[in-house]
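Spelled out from the first residue to the last, the chains are:
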Amino acid sequence: KIILTFVALVVLSVSYLLLPIFYNQYDISNKLKTELQTKFDINFKFTKNIKYNFFPKPHFLINESTIFKDQNEISKINKLKIFVSSDNFFSFKNIEVRDLIFENANFNLNKKNYNFFIQLLDKSFEDGNLIIKDSNIFFRNLENEVLFISKIFNIKYYYEHKELKNILYSENEIFNIPFSTESFFNEDEKKIFSQINL
């Protein structure tokens, strides 16, 4: 009886975690875009079908997606992982985005949108992190010519519960010089503070 009960529980748990596989592609795509727009103020376009995996944590995987800001394309992402809460999978309407991971993304920034990464500090990371791995930032002039390139090894946005603030930690390289930065928004002084280590 103990073995049968254990097997039944495992089967039920796995079956529950597999429910998102049966979501309609169009519906879940719109739901995820809306959640990302609300949570991070980022407008995504998905060019490939959405895949679902429940290991190591439930998440949706999108190969080839694009970020738009003010109707201008600012990034192409080779691999986007959207981790979601597993509290209620019985309907796609209950999906809640938690962590977000970009892998192999290229960001195109200029003097009109150079503060894209800083603006994200104003979003909510209390229930999830935003991570960018193995990517590049192309700084361009208004004629779209590349001025210089900064390589992203790792960027992480997270909420520091002890200090009650969002923190941006970044490991980059520019002109073959590695550097790291840690930034946060000071509510009292209404300023962004950054520490840069070269």
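The shown structure was predicted, so the numbers you read here are calculated from the model rather than taken from an experiment.

Attention now moves to the overall build of the protein. The helix and strand tally for the protein stands at 3 helices and 10 strands. When its helices and strands are written in sequence order, the protein yields α-α-β-β-β-β-β-α-β-β-β-β-β. With respect to the principal axes defined by its C-alpha atoms, the protein has extents near 65 × 40 × 30 Å. Burial status across the protein gives 37% buried among its 198 residues. Summing over all exposed atoms, the protein offers an accessible surface of approximately 12,200 Å²; the carbon and sulfur share of this is 53%. Taking the average location of the 25 positive side-chain charges in the protein and that of its 24 negative ones, the two points are 6 Å from each other.

Moving on to the nonpolar core. In this structure, Leu32, Phe44, Ile82, Phe102, Phe107 and Phe117 are the most contacted members of the largest nonpolar core, which totals 40 residues. Sort the elements by how many residues they give to this core and strand S5 (residues 97-109) lands first, with 6 residues.

Right, let's talk about the pattern of salt bridges for a bit. For the structure on display, the rule yields 11 salt bridges. A salt bridge links Glu64 to Lys48; the shortest N-O distance between them is 3.2 Å. In this pair, Glu64 sits in strand S3 (residues 59-69) while Lys48 sits in the loop between strand S1 (43-46) and strand S2 (50-53), placing the two residues 16 residues apart along the sequence. Judged by relative accessible area, which is 41%, Lys48 ranks as partly exposed. Through salt bridges with shared partners, a single ionic network connects Lys39, Glu96, Arg98 and Asp127.

In this section: the pairing of strand S7 (residues 146-160). Both strand S6 (residues 130-140) and S7 contribute to a ladder of 10 bridges, which runs antiparallel. Its bridge partner being in S7, Ile137 is matched across the sheet by Ser150. The hairpin turn running from S6 into S7, its antiparallel successor, is 5 residues long, and Asn144 in that turn takes a positive phi close to 75°. A loop of 4 residues connects S7 with strand S8 (residues 165-174), the two strands running antiparallel in sequence, and Leu164 in this loop sits at a positive phi of about 55°.

Across the protein, the average pLDDT comes to 91, with 100% of residues at or above 70. Model confidence for the protein, summarised as mean pLDDT per element, is weakest for helix H1 (residues 2-17) at 85 and strongest for S6 at 96.

Tracing the backbone through its elements, the reader meets Lys165 in strand S8. A residue is classified by how much of its surface remains accessible, and Lys165, at 18% relative accessible area, is buried. Within the local environment of Lys165, its side chain forms a polar contact with the side chain of Glu163, the two groups lying 2.7 Å apart. When residues no more than four places from it in sequence are discounted, the contact partners of Lys165 are Tyr158, Tyr159, Glu160 and Phe184.

Each value, and the rule that gives it
- Residues numbered from 1 in each chain as written.
- Predicted model: local features only at pLDDT ≥ 70, side-chain atom pairs only at ≥ 80, totals over all residues.
- Heavy atoms only, no water.
- Helix = DSSP H or I, 4+ residues; strand = E, 2+ residues; numbered from the N terminus.
- Buried < 20%, exposed > 50% of the residue type's maximum accessible area, 1.4 Å probe, protein only.
- Areas by Shrake-Rupley, 256 points an atom, 1.4 Å probe, with all protein chains shown as cover.
- Lys, Arg positive; Asp, Glu negative; His and termini not counted.
- Charge placed at Lys NZ, Arg CZ, Asp CG, Glu CD.
- Core = buried A, V, L, I, M, F, W, Y, C linked by side-chain atoms within 4.5 Å.
- Salt bridge = Lys/Arg side-chain N within 4 Å of Asp/Glu carboxyl O.
- Pairing = 2+ DSSP bridges.
- pLDDT = per-residue confidence, 0-100.
- Polar contact = N/O pair within 3.5 Å; in protein donor to acceptor, adjacent residues only side chain to side chain.
- Contact = heavy atoms within 4.5 Å.

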